[in-house]
Protein chains: 2
Amino acid sequence: MSQTASIKDVATHAQVAVGTVSNVLNYPDRVSQRTKERVLKSIAELGFVRNDAARQLRAGQSRTIGLIVLDVGNPFFSSVARAAEDAAAALGSVVLVGDSGQDSSREAHYMDLFQEQRVQGLLISPVGDVSGRIDTLRERGVPTVLVDELADTDRCSSVSVDDQEGGYLAAKHLLDTGRRRLAFVGTPSIRQVASRLKGAQRAVGEVTGASIEVLDSAGQTVLAGRQVGNKLVERSPEKRPEAVFCSNDLLALGVMQSLTMLRTVRIPEDIALIGYDDIDFAISAVVPLSSIRQPTEALGRTAIELLAEEQESGGTKHRAVVFTPELVVRQSTAGA
Amino acid sequence: MSQTASIKDVATHAQVAVGTVSNVLNYPDRVSQRTKERVLKSIAELGFVRNDAARQLRAGQSRTIGLIVLDVGNPFFSSVARAAEDAAAALGSVVLVGDSGQDSSREAHYMDLFQEQRVQGLLISPVGDVSGRIDTLRERGVPTVLVDELADTDRCSSVSVDDQEGGYLAAKHLLDTGRRRLAFVGTPSIRQVASRLKGAQRAVGEVTGASIEVLDSAGQTVLAGRQVGNKLVERSPEKRPEAVFCSNDLLALGVMQSLTMLRTVRIPEDIALIGYDDIDFAISAVVPLSSIRQPTEALGRTAIELLAEEQESGGTKHRAVVFTPELVVRQSTAGA
DNA sequence: ACTCGTCTTTGAATCGTTTCATTTGTTACG
DNA sequence: CGTAACAAATGAAACGATTCAAAGACGAGT
């Protein structure tokens, strides 16, 4: 029946003032045991549920945090989101997730939406350059934290992963296990990929007699990896690299398929292989794939922490936290 | 500066009444060109953003729809969510996604949250039995649509996929291509898996001389599939099935790894293989994997449509829409 | 009996929007 | 010139919660 009972209905039913009902809900200690029981009973009987819109209106702020990611289907982002949700829950807040799908109009749409919702703050993996919009948000009192993107600390905080270090770790591992002629597979036109390559080149530069060739792939997919892998198989054995570092796991899995398909190349004996991201499939590949793992839980958790810091400082103090990725060694790079 | 300008500030700045500003926003036709321009200019200058809490409070309902899924990381659900978001956007609504992670306390948490938000309606893939809670919601005017679960149409609407038909399609395809001794790999303790098996058995029953053996797997992962695959390889060739139907693609990929690893078995010549779900990896497997595709876009879109129907009928009319999955033929089941 | 302090309860004011009955302004027509 | 018809603008009331100054209740101490 009751479309929805209001606090006033509860007050009438329990024969108390509206303020008392509110106190039962928000400051139970201020209310005597007797009346508290009576009010709670009325709440149960009427099926009262707090109207969050009214509460927010009065409070001037919501208990909500907006998160805009490039792709919820991507395990990296869904993991970050999950961690952020948990961290926010501990603070009594809720995370609303928006998926921009790499589309800046969708991104703008969610930014507007979250502003109308008066979110406490915004976590965002920006599609393009959003520094202007972020300045506007800050002026309006909405702190923002960039996710997976390094921020200018004059403007806002950020959490990101050191891609160059990840590339360094991968290449160093290959070198440490005795390989000297390396190959890098990926699309360096993407910023993150370029950093990973740069790190790899740094590691190679530290070892005399080591070299790395760059094989540009057509995309970041399994199929693109397979194409590159086929080219490698066609080469005469002495021209093949001793180790291949792929800028993501999908590429690596594609390369692995090509190399193992014809049985002429053994992994890791003839060619070692390492990927990036440590997706679920990496461990269950034909040859379990070594990879670089990004600390997604820490990213999500820290993003929420930085947001809290921003709120406390009134949006004046910014911090850029950079995480170091982690090397995960599996069979595909086992000792030469 | 402006923490946030209200409609009253805009009215003062533009020298009009608050009602006029509201009309500019909601009924532009009621306002003369001249004042409209003046008001819009003030809105821009003050950086006014509508406060959604106040709007909702007045309206008594939000423009928000709640969606609770079992796992956002699962491509099935992220695809359904995406489709629902798009369909809702066309109606001017927004979808809030909650991830229960198969945990009924998290599920309950989101149900409470969405109720406080006064969502227009709820789409849910329930963890356990939620019929009681759904009854309560209906009484309170929150229509609910079950997703990926068949509903009792006396209580609420639902969108689901006919798993038995999916199993039938898969087995029939294997039979149509000449295979007679089939095997089913999966964990029939899961409801959906049991239905798929039942459908497969129905198809086998229609063909004389055909048989299907059930291989219970330890889970639904690639590794579980590999274990089953290894057992198959150990058998003498004449005892191996001619075709294997796995209750999901991960299992199928695991089986594929085992079978192709030792090169004693060829896919599809010696053993045909088909999975279920048609995940992205299916097409880029070593041997592209045939599979059963679930119409996730249609599920999401229809869920929103049914919700709209519920709203129009005041929550009295319920409908259960069951979709038929689709067979996707690839190389792994190519003609014998 | 009176005062003081503590604990509990009260209820009006407030948040920012939308709505709608009224008022004000303008044009057309007899 | 009067008035009917219509368009545009007004501003108070309402939505449902929280807050807070003030009032009320009660017991202890003198």
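Thresholds applied
Residues numbered from 1 in each chain as written. Chains lettered and ligands numbered in written order. Predicted model: local features only at pLDDT ≥ 70, side-chain atom pairs only at ≥ 80, totals over all residues. Heavy atoms only, no water. Near = heavy atom within 4 Å. Polar contact = N/O pair within 3.5 Å; in protein donor to acceptor, adjacent residues only side chain to side chain. Helix = DSSP H or I, 4+ residues; strand = E, 2+ residues; numbered from the N terminus. Nonpolar A, V, L, I, M, F, W, Y, C, P; charged D, E, K, R; others polar. Axes fitted to C-alpha atoms, helices over the stretch in contact; angles between N-to-C directions. Parallel < 35°, antiparallel > 145°, perpendicular 65-115°, else oblique. Left-handed = near helix turned anticlockwise from the far one by under 90°. Contact = heavy atoms within 4.5 Å. 1 Å grid on protein atoms, 1.4 Å probe; cavity = no way out; pocket = protein on both sides within 12 Å on 5 of 7 lines; lining within 4 Å. Points joined across faces, edges and corners; volume = space filled by probe spheres on them. Core = buried A, V, L, I, M, F, W, Y, C linked by side-chain atoms within 4.5 Å. Buried < 20%, exposed > 50% of the residue type's maximum accessible area, 1.4 Å probe, protein only. Domains from an automatic or database assignment. Salt bridge = Lys/Arg side-chain N within 4 Å of Asp/Glu carboxyl O. Buried area = accessible area lost by both parts, 1.4 Å probe.

1. Regarding the protein's contact with DNA strand C
Neighbouring residues of DNA strand C: 25 residues in total, closest Ala17, Thr20 and Thr35 of chain A together with Ile7 and Arg58 of chain B. In DNA strand C, the atoms that sit within 4 Å of the protein are 69% sugar and phosphate, with bases accounting for the remainder. Interatomic distance of 2.4 Å between a backbone N/O atom of Ile7 of chain B and a phosphate oxygen of DNA strand C. Contact distances for DNA strand C include 2.5 Å between a base oxygen and a side-chain N or O atom of Arg58 of chain B. Mapped onto the surface near DNA strand C, the elements with two or more residues apiece are α2 (18-26) and α4 (52-59) of chain A together with α2 (18-26) and α4 (52-59) of chain B. Among the residues making up the surface near DNA strand C, the classes are represented as nine nonpolar, ten polar and six charged.

2. Some words on the protein's contact with DNA strand D
Of all residues adjacent to DNA strand D, which total 24 residues, the nearest are Ile7 and Arg58 of chain A together with Ala17, Thr20 and Thr35 of chain B. Restricting attention to atoms of DNA strand D within 4 Å of the protein, one finds that 67% of them are sugar or phosphate atoms. Between DNA strand D and the protein, one listed contact pairs a phosphate oxygen with a side-chain N or O atom of Tyr27 of chain A at 3.1 Å. Between a phosphate oxygen of DNA strand D and a side-chain N or O atom of Thr20 of chain B, the distance comes to 2.8 Å. Looking at the surface near DNA strand D, the elements that each hand over two or more residues are α2 and α4 of chain A together with α2 and α4 of chain B. By residue number, the principal contributor to the surface near DNA strand D is α4 of chain A, which donates four residues.

3. Things to note about the packing of helix α1 (residues 7-14) of chain B against helix α3 (residues 33-46) of chain B
All names here are of chain B. Across the interface, α1 lies against α3 with an axial gap of 9 Å and an inter-helix angle of 120°. The angle between the axes of α1 and α3 places the two elements in the oblique class. As for how α1 packs across α3, the hand of that crossing is right-handed. Residue-level contacts link Asp9, Val10, His13 and Ala14 of α1 to Arg38, Val39, Ser42, Ile43, Glu45 and Leu46 of α3.

4. Focus on the layout of surface pockets
Quantified by volume, the second largest pocket comes out at close to 860 Å³. At the level of elements, α13 (296-312) of chain A together with α2 and α4 of chain B are the ones that each hand at least two residues to the lining of the second largest pocket. It is α4 of chain B that provides the largest number of residues to the lining of the second largest pocket, a total of four residues. A class-by-class count of the residues in the lining of the second largest pocket yields eleven nonpolar, 14 polar and seven charged.

5. Some words on the nonpolar core
If you look at the biggest cluster of nonpolar residues, it comprises 52 residues, and the most contacted ones within it are Leu273 of chain A together with Leu273 of chain B. Excluding residues within four positions of it along the chain, Leu273 of chain A makes contact with Val244, Cys246, Ala252, Val255, Met256, Ile267, Leu289, Ser290, Ser332 and Thr333 of chain A. Within the second largest apolar cluster, 34 residues are counted, among which are Val94 and Leu122 of chain A together with Leu113 and Leu137 of chain B.

6. A word on empty space enclosed by the protein
Within this structure, the stated rule accounts for ten cavities of 30 Å³ or more. In this structure, the largest cavity encloses a volume near 260 Å³. Along the wall of the largest cavity there are 18 residues; nearest its centre are Gln257 and Val286 of chain A together with Gln257, Ala285 and Val286 of chain B. Breaking the lining of the largest cavity down by element, the ones donating at least two residues are α11 (249-261) of chain A together with α11 (249-261) of chain B. Residues belonging to the lining of the largest cavity are distributed by class as follows: twelve nonpolar, six polar and no charged.

7. Quick word on the domain arrangement of chain A
In terms of domain boundaries, chain A breaks down into domain 1 (7-50), domain 2 (62-162 + 296-324) and domain 3 (163-294 + 328-333). For domain 1 of chain A versus domain 2 of chain A, the distance between C-alpha centres works out to 37 Å.

8. Focus: the pattern of salt bridges
Applying the stated criterion across every chain yields a total of 40 salt bridges over all chains. A salt bridge links Asp86 of chain B to Arg106 of chain A, with the nearest nitrogen and oxygen atoms 3.2 Å apart. With Asp86 of chain B in helix α5 (residues 75-90) and Arg106 of chain A in helix α6 (residues 104-116), this residue pair bridges two chains. Here the salt bridges share partners, and the residues they tie into one network are Asp278, Arg293, Glu326 and Arg330 of chain A.

9. Looking at the interface of chain B and chain A
Taken together, the 47 residues of chain B in the interface contact 47 residues of chain A. At the boundary of chain B with chain A, total buried surface from both sides reaches about 4,400 Å², with 50% on carbon and sulfur atoms. The largest contributions to the chain B side of the interface with chain A come from Glu116, Arg118 and Phe281 of chain B, which together make up 15% of the buried area. Inspection of the chain B/chain A interface yields eight salt bridges. Counting across the interface, chain B meets chain A through 22 residue pairs in polar contact (both at pLDDT 80 or more). Going through the elements one at a time, α4, α5, β2 (94-99), α6 (104-116), α10 (222-234) and α11 of chain B are the ones with two or more residues in the side of chain B that touches chain A. Here the residues of the side of chain B that touches chain A sort into 18 nonpolar, 15 polar and 14 charged.

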